[in-house]
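Reading the structure
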Amino acid sequence: MPASQYRTKRKKIAVAMAEELKKIDGNYPYNTNVFDNVDSHLKFLDEIDQYPKICVVAGDETRQYLPDSYKWRFLTLTIRVYVHTEDDAQEELALLIEDIERVIDDNDVLVYDSSVSPNEQTTSLTIESIGTDEGVIAPLGIGEVVVDVRY
């Protein structure tokens, strides 16, 4: 379902980011093919049948109120990444996280609703943190990229 079908801006942003992450196809400049296996909602480990898996979840939002009734919104997006390999799960995870970083860097201004004029879009996407399970659940690997979205 296109992002414009949702009502809240938070959900539209999560869906738009998931659509961009689906473009990770293993061809240059990407390291990994996600096989369109990206959701705009959280999946628990026991619900995952195919790896790698990426889940984009809209989290907390804060606001900054400025003069003339203008306000900035800051949304936390959590991108959870799951991999499974008999080789080195942490290396596989690191390569996929590099691909996710590339998508975020290339989409600093992310259009999340093109059905209105002018298009609704983000002003900036900033990676706040990157973390992994550090290999404790090998051959699985779980990573998390936390992104601050300004719109």
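Scroll up to find the structure this text is about.
About the criteria used
Residues numbered from 1 in each chain as written. Predicted model: local features only at pLDDT ≥ 70, side-chain atom pairs only at ≥ 80, totals over all residues. Heavy atoms only, no water. Pairing = 2+ DSSP bridges. Helix = DSSP H or I, 4+ residues; strand = E, 2+ residues; numbered from the N terminus. Phe/Tyr/Trp six-rings, centres within 6.5 Å; stacked < 30°, edge-to-face > 60°. Buried < 20%, exposed > 50% of the residue type's maximum accessible area, 1.4 Å probe, protein only. Axes fitted to C-alpha atoms, helices over the stretch in contact; angles between N-to-C directions. Parallel < 35°, antiparallel > 145°, perpendicular 65-115°, else oblique. Left-handed = near helix turned anticlockwise from the far one by under 90°. Contact = heavy atoms within 4.5 Å. Expected span 1.5 Å × (residues − 1). Patch = residues over 30% accessible without salt bridge, like charges linked within 9 Å, V, L, I, M, F, W, Y side chains within 5 Å. Areas by Shrake-Rupley, 256 points an atom, 1.4 Å probe, with all protein chains shown as cover. Salt bridge = Lys/Arg side-chain N within 4 Å of Asp/Glu carboxyl O. Lys, Arg positive; Asp, Glu negative; His and termini not counted. Charge placed at Lys NZ, Arg CZ, Asp CG, Glu CD.

1. Describing the pairing of strand 2 (residues 53-66)
Where strand 1 (residues 38-39) meets strand 2, 2 bridges bridge the pair, whose relative direction is parallel. Within strand 2, the position partnered with Asp39 by the bridge is Cys55. Both strand 2 and strand 3 (residues 70-84) contribute to a ladder of 12 bridges, which runs antiparallel. Its bridge partner being in strand 3, Val56 is matched across the sheet by Ile79. Between the antiparallel neighbours strand 2 and strand 3 lie 3 residues, among them Asp68 with a positive phi of about 60 degrees.

2. Considering unusual backbone geometry
Of note, the bond from Ser117 into Pro118 is cis; its omega dihedral lies within 30 degrees of zero at 0 degrees. Position of Pro118 relative to the elements: it lies in the loop between strand 4 (111-113) and strand 5 (120-121). The linkage connecting Ala138 with the following residue, Pro139, adopts the cis geometry, with an omega of 15 degrees. Structurally, Pro139 can be placed in the loop between strand 6 (124-132) and strand 7 (140-150).

3. Details of the packing of aromatic side chains
With the rule as written, the count across this model stands at 2 aromatic pairs. Ring geometry for Tyr70 and Trp72: centres 5.4 Å apart, planes at 90 degrees, overall edge-to-face. By relative accessible area, which is 15% here, Trp72 ends up buried. Arranged with centres 5.9 Å apart and planes meeting at 80 degrees, the rings of Tyr112 and Tyr151 form a pair that is edge-to-face.

4. Quick word on the packing of helix 1 (residues 9-21) against helix 2 (residues 89-106)
Packing of helix 1 against helix 2 leaves a shortest axis separation of 10 Å and a crossing angle of 120 degrees. Overall, the two elements helix 1 and helix 2 adopt an arrangement that is oblique. Judged by the sense of rotation from one axis to the other, the crossing of helix 1 with helix 2 is right-handed. Residues Met17, Glu20 and Leu21 of helix 1 touch helix 2, and the partners they reach there are Ile100, Val103 and Ile104.

5. Structural notes on helix 1
It helps to recall that an α-helix has 3.6 residues per turn; residues three or four apart then point in one direction. Compared with the 18 Å implied by 1.5 Å per residue over 13 residues, the 18 Å span of helix 1 between its first and last C-alpha is a close match. All of the buried residues along helix 1 are Lys12, Ile13, Ala14, Val15, Ala16, Met17, Ala18, Glu20 and Leu21.

6. Examining a negative patch on the surface
On the surface, a cluster of negative charge is made up of Glu86, Asp87, Asp88, Glu91, Glu92 and Glu98. The residue Glu86 is located in the loop between strand 3 and helix 2 in this model.

7. A closer look at the sheet that holds strand 2
One open sheet accounts for 5 strands, arranged 1-2-3-7-6; its pairing is mixed. Edge positions in the open sheet fall to strand 1 and strand 6, since each of these has one partner strand only. Relative to strand 7, strand 6 runs antiparallel, the two sharing 8 bridges. Each bridged residue has a counterpart across the sheet, and for Ser129 the counterpart in strand 7 is Val146. The strands that helix 1 touches are strand 1, strand 2, strand 3, strand 6 and strand 7; relative to strand 2, the one it contacts most, it runs at about 140 degrees.

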